[in-house]
Structures are given as C-alpha cells and as structure tokens.
Amino acid sequence: MKRPAWWKMAQPLDWLLIALPAALAIRYVPGWRNETLLFLVAGIAVIPLAGWMGRATEHLGTRAGPGIGGLLNATFGNAAELIIALMALSQGLVGVVKASITGSIIGNILLVLGASMIAGGSRFQRQTFNETVARLSATSLSLAAIGLIIPTVFHVAAGQQPGGWSPQAELRLSLGICAVLFGTYILSLVFSLVTHKELYAGDPHAPDGHDVDDAWPVSTAVIVLVVATVLVAIVSELLVGSVEAARKQLGLTETFVGVIIVAIIGNAAEHSTAITVAFKNKMDLSLGIAIGSSVQVALFVTPVLVFASVLLGNPMNLEFSLPEVAAVVLSVWILSEISGDGECNWLEGVQLLSVYLIIAILFFFLPEPAHVRTP
Amino acid sequence: MKRPAWWKMAQPLDWLLIALPAALAIRYVPGWRNETLLFLVAGIAVIPLAGWMGRATEHLGTRAGPGIGGLLNATFGNAAELIIALMALSQGLVGVVKASITGSIIGNILLVLGASMIAGGSRFQRQTFNETVARLSATSLSLAAIGLIIPTVFHVAAGQQPGGWSPQAELRLSLGICAVLFGTYILSLVFSLVTHKELYAGDPHAPDGHDVDDAWPVSTAVIVLVVATVLVAIVSELLVGSVEAARKQLGLTETFVGVIIVAIIGNAAEHSTAITVAFKNKMDLSLGIAIGSSVQVALFVTPVLVFASVLLGNPMNLEFSLPEVAAVVLSVWILSEISGDGECNWLEGVQLLSVYLIIAILFFFLPEPAHVRTP
Amino acid sequence: MKRPAWWKMAQPLDWLLIALPAALAIRYVPGWRNETLLFLVAGIAVIPLAGWMGRATEHLGTRAGPGIGGLLNATFGNAAELIIALMALSQGLVGVVKASITGSIIGNILLVLGASMIAGGSRFQRQTFNETVARLSATSLSLAAIGLIIPTVFHVAAGQQPGGWSPQAELRLSLGICAVLFGTYILSLVFSLVTHKELYAGDPHAPDGHDVDDAWPVSTAVIVLVVATVLVAIVSELLVGSVEAARKQLGLTETFVGVIIVAIIGNAAEHSTAITVAFKNKMDLSLGIAIGSSVQVALFVTPVLVFASVLLGNPMNLEFSLPEVAAVVLSVWILSEISGDGECNWLEGVQLLSVYLIIAILFFFLPEPAHVRTP
C-alpha cells in the first residue's frame, strides 16, 4: 500500500489532534459545554498544532538556508505561545499573560532542561556541551531577570515618595527596558547567525537529521504554517475563554494556572524534543532548545507582547509579582551554576527539577495576588 | 609502661572533657550555679564529645565498607548538632534552632572553609580541588538557600492579601519544601555513594589515614557512639537550659548566640579537621568536610528538625528572619564564586572570612527580632 | 623647531584643559554666571586633570619600582573622584556622594568594560584574559556588594522592632563593615604586589609601554601631581557648588546626576585607556583598569569617605537607597557571569552595556528619593 505524502510528515504526538474537533464540539454542541473539560481538551489540542508550526518553520528554514532559516526559527519558534498570549491580552487577562511568561521561562530551564539532564544522565555518566554558548544564553536570561527586577525596584522606591509613582512612569520604564531587551535579542541573532555561527554548529534550530533534500517544498511548508497558525488561534481562543471558569471549578489560582499549567502545555513540543536529543547525547542541541526557548520568550516574546498591549489598548507593564520575579531570578541563578562548567550529570537534572518543584509548591499555596485580578 | 587500648583512641582535644564533670558540678552543686559559666563550660564539653561521636561513626563506617559507611557518616555526621537542636525545639526555642541552623550553614562555608584556605595558602601558592564535586555541593547549598527564600517570598506576597496568609499554609509550604530538600539529599547520596563514587575518591568521609585493620571493632565503635550520644544529650540539655539566662547576662541577642556562638561550638570538630587537612594540601577533603557539613545541615538536619517539630507539637516552619535568609544567600553566593574554578589561594580564604565578619557584625548590632521571642 | 619637554607629556585629551579657565571665568566674571554651564564646563575640566594625576602617579610608580609603585597607583588611582567626593561631603551632599560611588562602581564594570569588550570584539573573534585574576576581582566586588546589602538588611530588620533602629547603631555597623572592606583591600594589595605578583604580569597599573628610562624624573612627577591635585580640588569645588542649581535647571534628579553624569566624568580617563588597550588585544590590562577601578572605589575610596565623613562632622553611613544597592548587586552578578570563564566577545560587551542602559533608564524615571535630600 502506498502511503500518502503527509504520512511521512506525521509525528508521534499527532493522535492528540483528535482533541481539536473534541474542543470545538464541547464548545458549540448545545448541552455539552463544560468549561473545565474545554480548558483541558483545548490545552491538549495546542500540543500537536505547536509541533506542526515548529516543523513547518524548520523546513522553511532549511529551504531558506542557515541565515534566514535561523531568523525564521528565532522569530516563529514560540509562535503558539505568542498567539495564546495575544488572545489573553486582548481579553484583558494581563495577569495570566505575565504568569505564563514566567512559567514559560522557568519551565524550559528547570523542567525541560532538568528532565533532559536526567534522561541523558540515565545513559551517560557525564555529558558535555559548549560552555561558551551555554554561558551566553544564561547571561541573556540574567539580563531578562534584571529587566524584571528593575520595575519592582522602581515600584518600591518610587512608592515611598508621595505622588512619586504613577502607572504612566512605570509603563514608560517598561517600554524602555523592553526596547533594550529587544535590541539585545537582535544583536544576539547577529552573533549566532552571522559573526560567530561556527560556535553554534550543534545548532538547536538545525533540523535534526533533515537535510535540504528531505525538507518540505516551500509551498507545503507555508500552507502547513498558515493552517496550523489559524488552528492555534482558534484553539487559543477556546483555551483563554475557558480559563477563568475552569480554574474556579478546579480551585486553582490564576497564577498557578498560568505559571504551571499553561506553561507545560505551551512547551510540550520543546519538552519531548529536548529529552529525545539528550538521550542521544546531543546536549548542545538539548540545551539550545531548552535555554533558547526561555531566551526567546524573555527577550523577544515579552517585549513584543508589551508593545502589542499598548496598541491593543490594554497596556501591560513589566512589573511582575514578587513570587514571579523571585521564580525567574532563582531559576536563572541555579541555571548559571549548573551550566557554567560545560558538563552535566543526572544529579544536576535532579537539582533543576527540585527548584521547579519548590517553585510549583509556592504557587500552589499562594493566594490570588491582587494585581492579577482583572477589573 | 604499657598504655591501655583507649589511649590510642585519644585525640588532642580530649583534655576538654574535663568540662563535662565541671558542667555537671556547676549545675547541681548547691551554690555553684552560674548560668553564663554553665553555658560556656557545657559548650566546651560538646566539642570533644562531638569528636568522639564523629570518630565512632567513621570507624563503624570503615568496618561497614564504603557504601553503608558513607551513609552512616552522611546521617550521623552532624548528630551532635541535631541533638542540641532537638533539645532546644522540645523547649520551644524555635528562634535559637533557626539561628543555629543559619550559623551552622554559614559557619562551615565561611569560617571553616575560609580558615582552611588561609592555612593551606600559607604553605601553598595555589591549591586545587575537584571542580565538579565543589560545584555540585555549591548548587545543593543554592537549593537550600532557595528553600529558605521561598517561604519569605510567600510570607510577603500572601501578607499583602487580606486573610491570605495563615500559619497553617506556611507550615504546609515548609513541609513541602522540606520533602523536596530531603529527597534531593537522598538522591545526592545515591550519586556520591553509588553512581559517581569515583568522583569522590578524595572522600571527605573516608577515615583519614585509617584502613580497615586500624578501625575499632564494631562493638567498641557502637559502645563509644552510644555513650558519647548520651553524654551529648545530657550536656545539650545543660547548654540549652542555660542559654536564655546566659545571653541576658552577656547582653547578647538570641540570634547572635545561635548564629555565631552555638555554631562555632557545634562545628569545632569540623573546624580543626578541615584546617589540618588543608595544611596537608588535601583540599578535596577540606572542602568535603566544610561544604559537606553545610549541605548536611541544610538538606538533612533542617528537614528532619521541621518534621520532628510537628511531632513534638512545637511546629517550626522554614520562614527564617530576613537577616538569616540574607546571611545564607550571601554566603552561598560568595562560595559559588570562590569554588567554581577548582582552585584556591589564601586571598580567597580572606574573602570568605571577610563575609563572615560582616555578617557577624550585622548580627551583633541587630536588635532581638520579634519572631525569635518565645511566647 | 625644538619642542619643549612638556610636549612629550601631552596627551590627546589635553585640549580639554581649555575648560579650566572657562570654568573660572563663568564662575567669577560678573554677569557670566550660569550654573548649568558651569557644571558642564567644570565637569569637562576634570577629565584632562584626572588624566595628568593618573600619569604623574604612574611615572612616580615606575621610578619607585613595582612594589611601592603598585601601592601608589592603588592609593592615588581614583584620587580625583576622592577629592570631588570629599568636597561634596564637606557641603553635606551625602546623597550625591553615595550616588557617585554607585555610579563609579557600575560605570566601570558595565560601561567601561562593556565598551572595551565591544571595541576589542570588533577586531578579534574571541579574546582571553587571566581567569584567576578576573575571578578574584569579581569576588572583591561581591564582597563590596555584600557590604552595601547588609546595612539595608539591618535597616529593614531593625526597623520592624519598636525603638530597635537608631542612626548611631547604623553608623557603628557601617564603620565595622568599612573596617573589614578596608582590611580586605590591604590584604589584596599584599596578594597582588607581594605573594602572587606573577599573576599580575599583565599589570593594569604598569605604565603601558613606558620603561624606567622613559619615566619622568621624580621631581617632575611630584610637581605635576601636586599642581594637578590642587587644580582638581578647585574645579571640584566649582563642580559641586553648581550641581544643585544645574540639576534643577536640567530637571534631573540628584541620583541620576550622581550615578550617571558624575560617574561618566570621573571615569573618562579609565574609559579611553581601557578601550584603547582592548583594541590592542590586551584584555588583562583592560579588565585590570575597569574592574580594578571599581574595586578601588568600593574597597578603598568608600571606606575612606565614611571614615572622613565622621571626622568632617557629616557622618555618612553605608545605607544606600534600594535602587543603588540593586544597581551594584545586579552589575556584580552580570560581571561574575561574564568574567568567570576567562574569555570574552563583542556580545558579552553588548550584554554589559544593556544592563547599564536598563539601570540608567531606572534612574532617569526615578523620582528624587527622600534620603538624598539635603536638609
């Protein structure tokens, strides 16, 4: 039997696509509506769609050559998360967006990287990776952490002066910081794609095992990308629309849902890839996916969301809650300690996961902070 | 003259054992009672007893072989401190226990390690140690520091919500964090005793210079361990019973006594051993003793005390005071900087000691915090 | 035409000396007085004078031999900044002094070092430096950061106790910390000039390209040093006298002026030298100038100013504002990440500059904090 062309394109997680019609049914078939179920099913439907978007971007990138291809990956790599966040922003769910940014940053460097190091460490006594690249990425994340600390410092310091603090000043401060972060991201692309591309030979965005001949034709890749993007947008709207009701039914706070649950859904694709390649002892690729995804969220997605929020009329500043700032800072700290020597083992994976668990416990017990309440 | 068998077991600090009957006399001879003197003499008596417990554990470990032996050392290595803390907990002195945990963690990595590096550096231009092991230990301490930061973050964040904060939530949070820390400790034992034991060839818990033939018979070791433990318990009760009155007579705060004085007493044995081996250029052993002791207190003794406090009906959470959290975080920070490159010199020892001095000055000038006041 | 002897001593920035008579004219010619212009012109006049002081010290050091010469550089290297700060202190401008200390520390490690790495990286793919020396300097700065964190911790912790906090206790705490920092500085001089001087072969204070024969005669060097010092003192008085009026006219806060503007003026000499040598691939020298200058301000100038402030009757403690402490801590953090591996590239320079920009944005938007208001 001759299999159709799309068969070769299918991937293990594609059976989860069944969740897509299921979500639509739960939402629109009269009498079936259940917000918690809708939230879960829509969440599951995002996973394979994000995978298709990622693969289409990769194949397009392979056709376009390393320079433009790297740029495509760096821009659309977290497109699913960006779409979900834009949907949430347009509905004024600023708290959920901040929480999911936090969750995405810490989820990739603690949960994804921790699991990868354990997976790799289960087969290899000691694994190595390019120390220079790992340190640069960790420093980029430190920069992002500083970008989140400064608005809090501003808030506390300005708040001590009568009439010194204003939402306008805080938004201008946030826009300034976002411009710096965004500029650094552009320059780090110049570094990795142009001036120092040989350092990134084990490129996280290089399609693993594909070469140009195996890549999809440009037309196929573009069609897949467009279709998947539209579907992600539809599913995101269902997801975001049900989050409020679902979390109340489940008795979870908005922050816990954003930091832990949305982040796990949004990063499921990175998760499975990073673990798979760690298992094959390609730690440069594994770190590139995990840390690279965090860097992309911190230095690209976040500034874009802040700029977009102003255009959407629901301005989001960079002042995250204390637990969110603490979570990012502590995650980056532990990452620096673990990635600084260019080698890893399973215990380092355990240490990353332990920090993730501690932070998850914090957000589980934390009452709803006032600042994430939507008016 | 033929010397008795115990003569070979005696050690330089054993003449301090004279403090044991002296402490009992001060406590029970009518008219001799003086709380400050009792506190000092009981404190001195702990030093040689802790040394005997340590040696008995080591010899038992040598007989049991590396695996079980390492486990014994990892479990009973800080038994004296554990006993003192349990005594203090049973009397509700939660503030003293937290202060002495803080003091033990920072004392080992700043005072003991700093003095060791200066001692070693006085003879050697440059000393080296296993970078991987040092980094893993430093990361374990970062994990512990995170475990202390999170409850404070919770307290501040939850405290901003009306009715959001409760001692019950904080205790559950602390129990969750302690479970994670304890689990990480167990897994780090698996790492150092099973899967990566060759990294620990310069094992801190390997009896220095003893081989199996020289080890005490199991019966002797067990008897010494039991007798020393009972004596430590007795002396600890005297020590804890006199701490309140003594510190008032001396005009010192509970925190200063716990962080600085009790910690120096409790770690005197580690102190002398770590310096001695540094002087012999065995820096792996020296770091193993100093950092290892901090890790043990942070990831093993602390969770055990929190669990025990619940059973004793005087629940202790993990919310330490701001100066205590700051002291641990700053100590771990400076340790990471100094231990990250696998080499040391006398100036790094001076830098560690300087941080210790700055922290000691802080606790000296600090007024008694409300939270350590026992009701 | 035979050029006079001083011609060989002249340097590119010397045409800025024109600002010296200009500043005097603006100040004393009736009707010309304009505080903003005076501030700017006096600021410009400091730059070449600081350069002459630095060169005189260097030549004197070359004549005196490496030991005493190193000591001279370590003591007078930041003399211009010390003089400006003493002038400001004598007029009670404690806020400006603290701000300029902050600015000098962060300006050297972020702006000067960042620009140097970009300059060097524009020609070299990868530059290396002595990792041990860089780590020791970064640790010294961590020590200084800890010295600034502790008084804030004290303030917050003591402030929670009724009657627990007093300016006297805070000053005693600050004096104690300053004594420790100063002692560490002396010992680090012993390290770099005596016991480990071979590590500092690429000595930052070694006159670049001069040898003893080229050095100025002692008498010339002393005269230049004395004259330049007197002129710096005169110009500093003009500078400090006009800062209040100037910043009000410009609509800038005292903190922004101190942290950003005064710091850039005071470090212009270091700036141009550090970039020049980075361009010649002498990164050890470049780091030595940039980080060394920060260390000198943190561990030598700051304690001297605190001690001097007590003698001047305007006691200055070590309690800096939250944004100032945050700026120093975050700068030292990012420096540790970047300098820990003994190599650098242009992107690391960009990362340092980005942190500088973010901090500058913070201080730009920050309203005047209460504590820097002079009574």
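Our structure is the block above this text.
Residues numbered from 1 in each chain as written. Chains lettered and ligands numbered in written order. Predicted model: local features only at pLDDT ≥ 70, side-chain atom pairs only at ≥ 80, totals over all residues. Heavy atoms only, no water.

(A) Molecular detail of the overall build of chain A. Counting its regular elements, chain A contains 14 helices and 2 strands. Taken across its 375 residues, chain A has 62% of its residues classed as buried. Across chain A, contacts joining residues at least 24 apart in sequence account for 86% of those joining residues at least 6 apart. Element-wise, carbon and sulfur atoms account for 67% of the exposed surface of chain A, whose accessible area totals about 14000 Å². (Helix = DSSP H or I, 4+ residues; strand = E, 2+ residues; numbered from the N terminus. Buried < 20%, exposed > 50% of the residue type's maximum accessible area, 1.4 Å probe, protein only. Contact = heavy atoms within 4.5 Å. Areas by Shrake-Rupley, 256 points an atom, 1.4 Å probe, with all protein chains shown as cover.)

(B) Structural detail: the relation of the copies chain A and chain B. Here chain A sits on chain B after a turn of 120 degrees about the axis and a move of 0.0 Å along it, with an RMSD of 0.0 Å. Both chain copies can therefore be described as sitting about a three-fold axis. The two copies present different faces, since only 6% of the interface residues in chain A are matched by interface residues at the equivalent positions in chain B. (Least-squares fit on C-alpha atoms with pLDDT ≥ 70 in both.)

(C) Seen up close, a nonpolar patch on the surface. Residues and elements named next belong to chain A. Judged by side-chain polarity, Leu24, Tyr28, Val218, Val222, Val226, Val230 and Ile234 come together as a nonpolar surface patch covering roughly 580 Å² of accessible area. At the level of elements, helix H2 (19-28) and helix H9 (218-250) are the ones that each hand at least two residues to the nonpolar patch. Per-element tally for the nonpolar patch: the top contributor is H9, with 5 residues. Position of Val222 relative to the elements: it lies in helix H9. Judged by its relative accessible area of 37%, Val222 is partly exposed. (Patch = residues over 30% accessible without salt bridge, like charges linked within 9 Å, V, L, I, M, F, W, Y side chains within 5 Å. Salt bridge = Lys/Arg side-chain N within 4 Å of Asp/Glu carboxyl O.)

(D) Region of the structure containing the interface of chain C and chain A. Every contact between the two is made by 33 residues of chain C and, on the other side, 39 residues of chain A. For the pair chain C and chain A, the two sides together bury roughly 3100 Å², of which 74% comes from carbon and sulfur. Put simply, chain C and chain A have 1 salt bridge between them. With a closest N to O distance of 4.0 Å, Arg135(A) and Asp341(C) form a salt bridge. Taken together, chain C and chain A are joined by 12 residue pairs in polar contact (both at pLDDT 80 or more). If you list the elements that add at least two residues to the side of chain C that touches chain A, you get helix H13 (322-339) and helix H14 (346-365) of chain C. Looking at the side of chain C that touches chain A, the element that brings in the most residues is H14(C), giving 12 residues. A class-by-class count of the residues in the side of chain C that touches chain A yields 20 nonpolar, 6 polar and 7 charged. (Buried area = accessible area lost by both parts, 1.4 Å probe. Polar contact = N/O pair within 3.5 Å; in protein donor to acceptor, adjacent residues only side chain to side chain. Nonpolar A, V, L, I, M, F, W, Y, C, P; charged D, E, K, R; others polar.)

(E) A look at the side chain of Glu348(A). In this structure, Glu348(A) sits in helix H14 (residues 346-365). Here Glu348(A) sits buried without a salt bridge, and the closest side chain of opposite charge, Arg135(B), lies 6.5 Å off (N-O distance). (Lys, Arg positive; Asp, Glu negative; His and termini not counted.)

(F) Expanded view of helix H7 (residues 131-159) of chain B. Residues and elements named next belong to chain B. Between its terminal C-alpha atoms H7 stretches 41 Å, which fits the 42 Å expected from 29 residues at 1.5 Å a residue. Among the 29 residues in H7, 25 count as buried, and that is most of the element. Two or three places before Thr132, at the opening of H7, Asn130 has a side-chain oxygen 2.9 Å from that residue's backbone nitrogen. (Expected span 1.5 Å × (residues − 1).)

(G) Structural view of the packing of aromatic side chains. By the definition in use, this model includes 21 aromatic pairs over all chains. A ring pair is formed by Phe364(A) and Phe365(A), whose centres lie 5.5 Å apart and whose planes are at 80 degrees; its orientation type is edge-to-face. Residue classification places Phe365(A) among the partly exposed positions, given a relative accessible area of 21%. Arranged with centres 6.1 Å apart and planes meeting at 35 degrees, the rings of Trp52(B) and Trp216(B) form a pair that is tilted. A residue pair is termed long-range when its members are at least 10 positions apart, and Trp52(B) in helix H3 (residues 35-64) and Trp216(B) in the loop between helix H8 (167-195) and helix H9 (218-250) qualify at 164 residues. Three or more aromatic residues link up through ring pairs in this structure, and these residues are Phe182(A), Tyr185(A), Phe300(A) and Phe307(A). The ring of Trp52(B) carries Arg55(B) above its face, with NZ or CZ at 4.6 Å from the centroid. (Phe/Tyr/Trp six-rings, centres within 6.5 Å; stacked < 30°, edge-to-face > 60°. Lys NZ or Arg CZ within 6 Å of the ring centre and 35° of its normal.)

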